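A closer look at the structure
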Amino acid sequence: MRIKRSYIVLSFRTTLEAMEWEKQCHVRQVPGRLIPLPREISAGCGLAWRMLPEDWQSWQAELDETRFDKVTPVEQ
Amino acid sequence: MIYLDNAATTLHKPPQVEQAILEALHTAGNPGRGAHEPTLHAARIVLDTRLALAELFHAPDPSCIVFAANATMALNTVLNGVLHPGDHVITTVYEHNSVLRPLYRLRAQGVEVSFTGVDDAARLCYDQWETLLRPTTRALVVTGASNVTGNGTNLVRAADFAHRHGLLLIVDAAQTAGAQPIDVQQLGIDALCFTGHKALLGPQGTGGAYVRPGLQIAPLLVGGSGVHSFDETHPLQMPTVLEAGTLNVHGLAGLCAGVQWLLEQGVENLAAREAALARLFYEQVRTAPGVTVYGDMTMQHRAPIVALNIGQEDSARVADILWEDYGICVRAGAHCAPLMHKALGTAEQGVVRFSFSHFNTEQEVQQAAQAVCALTRELLCE
């Protein structure tokens with residue numbers, strides 16, 4: 001059985017915003033990856049950035065909060 | 001074969017364009033419709049293309065770049081998206097049907113349209129703008145350069161007029177995007193529509209528009225967006241609002257490679273080379289007996305086009321002989337620019353348009369000029 005664990009998920013207003021975020025994160029080596037938008041955040045489809053809570057803690061101060069829409073803790 | 005029909009489509013592209021398209025065909029999924037590697041790869045191609053075009057046009061943000069199938073679709077989107085019955089538009093006789101026909105259709109719905117004429121050298125009569133202005137004038141719609149004569153539009157002057165009177169400045173850059181430096185912020189352009197398959201060196205089926213931040217354009221199409229699927233209305237955020245349906249990612253991969261190549265080479269350098277080739281051709285044909293060249297070849301900013309006729313000979317016959325006997329590809333006829341031809345007096349004869357690329361060689365240009373001179377001697381003796 002797959003064990004769920006906690007993540008921090010950043011959601012975006014547009015696909016473009018998500019792709020710009022990924023590009024920035026790759027350059028700066030911010031841990032995480034793009035995932036399909038979890039249903040806890042919004043029904044439908046789209047992209048979100050998932051990272052471990054400890055990585056979020058380490059990086060939060062350095063990330064530009066205007067570049068994403070919401071921060072949501074999820075279990076996956 | 002000597003290809004001098006670059007104002008229609010550039011045939012010679014950098015090898016990177018073909019490679020990028022082929023690679024995308026094998027690797028790109030549907031952008032923004034999932035998070036597996038092929039779909040993310042496609043979305044990265046789209047982002048990189050937006051970034052490259054934003055850099056080329058000096059746009060403030062990649063969200064200002066929206067994609068369409070071609071300049072015609074982009075122009076239809078912009079014109080239909082900002083104009084309403086009761087609005088008045090000033091445009092020019094330079095315009096291609098990609099501008100004229102959307103405006104004619106809007107005119108049937110209550111939009112009023114005025115046309116700027118030209119002088120004896122087919123230069124725009126800018127002084128007419130003040131007299132054409134009305135209280136209801138909403139936009140100035142101009143092409144960057146005539147696709148018939150190559151004569152350019154003075155965009156600094158257009159921007160000054162539009163801004164002084166609070167008009168939207170909408171530019172058809174089909175002939176100038178990638179062929180001339182364009183700074184949309186410095187000029188204060190509200191919307192710039194481009195095609196990918198001409199000087200931007202991409203494949204056919206690509207194009208789009210720069211849209212100034214804050215300019216609201218009602219979408220021409222609504223549908224799949226990859227986000228907010230349960231909403232009954234299409235998302236309003238740029239660029240999604242103007243990009244319903246799956247984008248032509250394979251084509252955009254080629255367009256991206258073409259634009260990145262342009263950025264590496266420098267548009268100014270390439271434009272200077274094209275201008276020199278057009279000038280070389282012009283100097284060799286202009287004194288040939290019976291040859292009439294249209295347009296002002298002394299203009300600083302013009303498309304690399306030389307449009308001519310030989311006596312009263314049908315331009316279609318001249319173009320066909322150039323192809324059949326000399327292997328030279330040019331374009332005859334009306335070039336989808338009926339008002340330009342009416343102004344030139346060539347509505348029946350058409351003109352033979354030679355349009356140059358930086359990939360052409362001086363030898364090709366000289367061969368083409370010799371062919372025109374030989375054909376002139378032949379046809380005028382008939």
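Residues numbered from 1 in each chain as written. Chains lettered and ligands numbered in written order. Predicted model: local features only at pLDDT ≥ 70, side-chain atom pairs only at ≥ 80, totals over all residues. Heavy atoms only, no water.

1. Focus on the overall build of chain A
Counted only if it meets this: Each helix is a run of H or I in the DSSP string that is no shorter than four residues. Each strand is a run of E no shorter than two, and both are numbered from the N terminus. Type-normalised accessible area, obtained with a 1.4 Å probe on protein chains alone, sets the label of each residue: buried when under 20%, exposed when over 50%, and partly exposed for intermediate values. When checking whether two residues touch, look at their non-hydrogen atoms; a contact exists if any pair is within 4.5 Å. In this description, accessible areas are obtained by the Shrake-Rupley approach with a 1.4 Å probe, and a residue is regarded as covered only by the protein chains that are shown. Two residue types count as positive, namely Lys and Arg, and two as negative, namely Asp and Glu; His and chain ends fall outside the count. Taken as the charge centre is NZ of Lys, CZ of Arg, CG of Asp or CD of Glu, depending on the residue.
Tallying secondary structure elements over chain A gives two helices and four strands in all. Traced from its N-terminal end to its C-terminal end, chain A shows the element sequence β-α-β-β-α-β. The dimensions of chain A, computed from C-alpha atoms along their principal axes, are 35 × 25 × 15 Å. For chain A, the proportion of its 76 residues judged to be buried stands at 46%. In chain A, once contacts between residues fewer than 6 apart in sequence are set aside, the share between residues at least 24 apart is 73%. As displayed, chain A has an accessible area near 4,500 Å², and 49% of this comes from carbon and sulfur atoms. Seen as two clouds, the 11 positive and the 11 negative side-chain charges of chain A have centres 7 Å apart.

2. Things to note about the nonpolar core
All names here are of chain B. Test applied: Residue types Ala, Val, Leu, Ile, Met, Phe, Trp, Tyr and Cys, when buried and joined through side-chain atoms within 4.5 Å, form a set referred to as a nonpolar core. All domain edges in this entry derive from an automatic or database-based domain assignment.
Membership of the largest hydrophobic core comes to 62 residues, with the highest contact counts inside it found for F57 and L140. Looking at which domains feed residues into this core, each of domain 1 (2-10 + 266-381) and domain 2 (15-265) supplies at least three. Among residues more than four places away in sequence, those in contact with L140 are I90, W129, A158, F161, A162, L167, L168, L169 and I170. Formed by 31 residues, the second largest nonpolar core is a distinct cluster that contains F281, A288, A368 and V372.

3. As for the packing of helix α9 (residues 267-285) of chain B against helix α12 (residues 362-380) of chain B
Residues and elements named next belong to chain B. Our working rule: Fitted lines through C-alpha atoms give the axes, limited to the stretch in contact for helices. The angle between two N-to-C directions lies from 0 to 180 degrees. Any angle that is under 35 degrees is reported as roughly parallel, and any over 145 degrees as roughly antiparallel; angles of 65 to 115 degrees are reported as roughly perpendicular and all others as oblique. Definitions for this section: a left-handed crossing has its near helix turned counterclockwise from the far helix by less than a right angle. A right-handed crossing has that turn clockwise. Each residue gets one of three labels, nonpolar for Ala, Val, Leu, Ile, Met, Phe, Trp, Tyr, Cys and Pro, charged for Asp, Glu, Lys and Arg, and polar for the others, Gly among them.
α12 packs onto α9 with a crossing angle of 25° between their chain directions and a minimal axis gap of 9 Å. Comparing their axes, α12 and α9 come out roughly parallel. Judged by the sense of rotation from one axis to the other, the crossing of α9 with α12 is right-handed. Residues L277, L280, F281, Q284 and V285 of α9 form the contact with α12, whose participating residues are E362, V365, Q366, A368, A369, V372 and C373. Grouping the constituent residues of the contact of α9 with α12 by class yields nine nonpolar, two polar and one charged.

4. Re the UniProt feature "domain: Aminotransferase class V" (unreviewed entry) in chain B
Going by this rule: UniProt positions are given in the numbering used here, feature names are shortened, and annotations may be inferred rather than shown by experiment.
As recorded in UniProt, the feature "domain: Aminotransferase class V" (unreviewed entry) lies at residues 2-367 of chain B. A helix fraction of 38% and a strand fraction of 15% characterise residues 2-367 of chain B, whose end C-alpha atoms lie 9 Å from each other.

5. A word on the domain arrangement of chain B
It is common to give the size of an interface as the accessible area that goes away when the parts come together. All names here are of chain B. Stated formally: The term buried area refers to how much accessible surface (probe radius 1.4 Å) is lost by two components on association, counted for both of them together. Here a salt bridge means any side-chain nitrogen of Lys or Arg lying within 4 Å of a carboxyl oxygen belonging to Asp or Glu. Throughout this description, a polar contact denotes any pair of N or O atoms lying within 3.5 Å of each other; where both atoms belong to protein, one of them has to be capable of donating a hydrogen while the other can accept it, and for residues adjacent in sequence the pair is counted only when both atoms sit in side chains.
Each assigned domain of chain B is listed with its residue range as follows: domain 1 (2-10 + 266-381) and domain 2 (15-265). Computed over C-alpha atoms, the centres of domain 1 and domain 2 are 27 Å apart. Buried surface at the junction of domain 1 and domain 2, summed over both partners, amounts to about 2,800 Å²; 61% is from carbon and sulfur atoms. The largest contributions to the domain 1 side of the interface with domain 2 come from V267, L339 and M340, which together make up 22% of the buried area. Summed over the shared surface of domain 1 and domain 2, the number is one salt bridge. Of the charged contacts, one joins D296 and R123 as a salt bridge, the two residues approaching to 3.1 Å between their closest N and O atoms. Scanning the region where domain 1 abuts domain 2 turns up 21 residue pairs in polar contact (both at pLDDT 80 or more). Every element with two or more residues in the side of domain 1 that touches domain 2 is listed here: α9, β10 (305-310) and α11 (338-344). For the side of domain 1 that touches domain 2, a count of residues per class yields 20 nonpolar, ten polar and five charged.

6. Side note on the packing of aromatic side chains
The line we're drawing: Only rings of Phe, Tyr and Trp enter the pairing, Trp through its six-membered ring, and a pair is recorded when the two centres are within 6.5 Å. The plane angle decides the type: under 30 degrees is stacked, over 60 is edge-to-face, the rest tilted. Either the NZ atom of lysine or the CZ atom of arginine qualifies as a charge over a ring when it sits within 6 Å of the ring centre and within 35 degrees of the ring normal.
In the structure shown here, the tally under the stated rule is ten aromatic pairs over all chains. Judged by centre distance (6.3 Å) and plane angle (55°), the rings of Y104 of chain B and F115 of chain B are tilted. Remark: F115 of chain B occurs in strand β4 (residues 112-116) and Y104 of chain B occurs in helix α4 (residues 97-108); sequence separation between them is eleven residues. Members of the aromatic cluster, connected to one another through ring pairs, are F12, W21, W56 and F68 of chain A. The positively charged end of R5 of chain A is found above the aromatic ring belonging to Y7 of chain A, 5.6 Å away from the centroid. Directly above the ring of Y7 of chain A sits R50 of chain A, whose terminal nitrogen or CZ lies 3.8 Å from the centroid.

7. With respect to the environment of A278 of chain B
All names here are of chain B. Here A278 is to be found in helix α9. Residue classification places A278 among the buried residues on the basis of a relative accessible area of 5%. With 78 residues separating them along the chain, A278 and F356 place their C-alpha atoms 6.4 Å apart. Aside from chain neighbours lying at most four places away, what touches A278 is M297, P304, V306 and F356.

8. So, a negative patch on the surface
Residue and element names in this part refer to chain B. Rules: Patches here are clusters of residues that have more than 30% relative accessible area and form no salt bridge, with a 9 Å joining cutoff for like charges and a 5 Å cutoff for nonpolar side chains (Val, Leu, Ile, Met, Phe, Trp, Tyr).
A cluster of like negative charges, contributed by D320, E324, D325 and E378, occupies part of the molecular surface. Among the elements that line the negative patch, the one with the most residues is helix α10 (residues 315-326), at three residues. The topology assignment puts D320 in helix α10. The partly exposed category is assigned to D320, whose relative accessible area is 46%.

9. Describing the interface of chain B and chain A
Taken together, the contact between chain B and chain A spans 21 residues of the former and 17 residues of the latter. With both sides pooled, the region where chain B packs onto chain A buries about 1,500 Å², and carbon together with sulfur makes up 65% of that total. At the boundary of chain B with chain A, the tally comes to two salt bridges. One salt bridge in this structure joins E22 of chain A and R44 of chain B, with 2.6 Å as the shortest N-O distance.

10. What to know about the packing of helix α3 (residues 71-82) of chain B against α4 of chain B
Axis angle and axis distance: for two packed helices, these are the angle between their axes and the distance between the axes, and together they describe the pair. Residue and element names in this part refer to chain B. Following both chains from N to C, one finds α3 and α4 inclined at 35°, their axes separated by 9 Å at the closest point. The element α3 and its partner α4 pack so that their crossing is right-handed. On the side of α3, the interface is formed by T72, L75, N76, L79 and N80, while α4 contributes S98, V99, P102, L103, R105 and L106. Considered class by class, the residues forming the contact of α3 with α4 number six nonpolar, four polar and one charged.

11. A short note on unusual backbone geometry
All names here are of chain B. The omega angle of the peptide bond from M238 to P239 is 0°, so this bond is cis rather than trans. The topology assignment puts P239 in the loop between β8 (207-211) and α8 (249-265). Phi is positive for A122, close to 60°, though the residue is something other than glycine. Secondary-structure assignment places A122 in the loop between β4 and α5 (128-132). Of note in this structure, H228 is not a glycine but carries a positive phi near 50°. Topologically, H228 is positioned in the loop between β8 and α8. Overall, H228 belongs to the partly exposed group, its relative accessible area being 32%.

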